[in-house]
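A look at the structure
One letter stands for each residue in the lines below.
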Amino acid sequence: MIERWLSGNRPIQIEHDGRFVRVGENKGQPVSAVRQERIQEEVEAQIEVKPLKLRQYFLQQRNFQDAEKVEQVDGTVFQGKRGRLLAEVSFAGTSFLEGFLSVYGMELDQAVKRYEEKLQLFEVEQREKKQKAIFIGRVRKGDLEQLSEGFPTVQEAKRKLSNMQQQKEIVPQQYVEMKREE
């Protein structure tokens, strides 16, 4: 079975038998673990640790010395790839780096939760049966949830996804308006 994630920033493809990855660098690993890994990779580049949040973290820990260091560090350092971030912040010292990693970890956890709630397009192809399914779904804790019927084309699936996302935006607004009237 080949699973493709069609809505991400970059193409994601996992070939598996339903339980384990069959091909590539993750061969033999559980498919749920590989899905979680792909989600982390997808959101990591979007993580931004705001200097104010980092400073607040240090102040809550009563680490006033590192709270002052935050002001000395260029704010653009706190966004981007993890490896570059670690290299840039390591100069400030071990406790600063540990604090940064704690805040980064909290931001990453929140980003992963948001990603898991996001509706996306998936394509699953069963080679043996020569069947293909395109559907709207999401990945939660490594499990792929199919939330719609299958679609014959990606374009049709994109239209339905767009409609679902618009409905999702309208419903909370209606709820807020109902609350105000009461």
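Provided above is the structure to which this section pertains.
Everything numeric here is computed off the predicted structure, so don't read it as measured data.

**Some remarks on helix 5 (residues 94-117)**
Each turn of an α-helix holds 3.6 residues, which means side chains three or four residues apart point in the same direction. End to end, helix 5 covers 35 Å across 24 residues, agreeing with the expected 34 Å (1.5 Å per residue, within 8%). Those residues of helix 5 lying buried are Phe-96, Gly-99, Phe-100, Val-103, Tyr-104, Glu-107, Leu-108, Ala-111, Val-112, Tyr-115 and Glu-116.

**Comments concerning the packing of aromatic side chains**
Applying the stated criterion across every chain yields a total of five aromatic pairs. Aromatic pair Tyr-57 and Phe-58: ring centres 5.9 Å apart, planes at 65°, arrangement edge-to-face. Both residues of the pair, Tyr-57 and Phe-58, count as buried. By way of ring pairs, the aromatic residues Trp-5, Phe-122 and Phe-135 are connected into one cluster.

**Regarding the environment of Lys-132**
For Lys-132, the location among the structural elements is in strand 4 (residues 131-140). Given the relative accessible area of 54%, Lys-132 is considered exposed. In the structure, Lys-132 is positioned 129 residues away from Glu-3 in sequence and 9.8 Å away in space, judged by C-alpha atoms. Ignoring anything within four residues of it in the chain, the contact list for Lys-132 reads Glu-123, Val-124 and Glu-125.

**Comments concerning the pattern of salt bridges**
With the rule as written, the count across this model stands at 15 salt bridges. When the shortest N-O distance is used, the salt bridge between Glu-117 and Arg-138 registers 3.8 Å. Here the residue Glu-117 occupies a position in helix 5, and Arg-138 occupies one in strand 4, the gap between them amounting to 21 residues. On the basis of relative accessible area, Arg-138 is assigned to the buried category, the value being 15%. Salt bridges sharing common partners tie together Arg-4, Glu-123, Glu-125 and Lys-132.

What counts and how
- Residues numbered from 1 in each chain as written.
- Predicted model: local features only at pLDDT ≥ 70, side-chain atom pairs only at ≥ 80, totals over all residues.
- Heavy atoms only, no water.
- Helix = DSSP H or I, 4+ residues; strand = E, 2+ residues; numbered from the N terminus.
- Expected span 1.5 Å × (residues − 1).
- Buried < 20%, exposed > 50% of the residue type's maximum accessible area, 1.4 Å probe, protein only.
- Phe/Tyr/Trp six-rings, centres within 6.5 Å; stacked < 30°, edge-to-face > 60°.
- Contact = heavy atoms within 4.5 Å.
- Salt bridge = Lys/Arg side-chain N within 4 Å of Asp/Glu carboxyl O.

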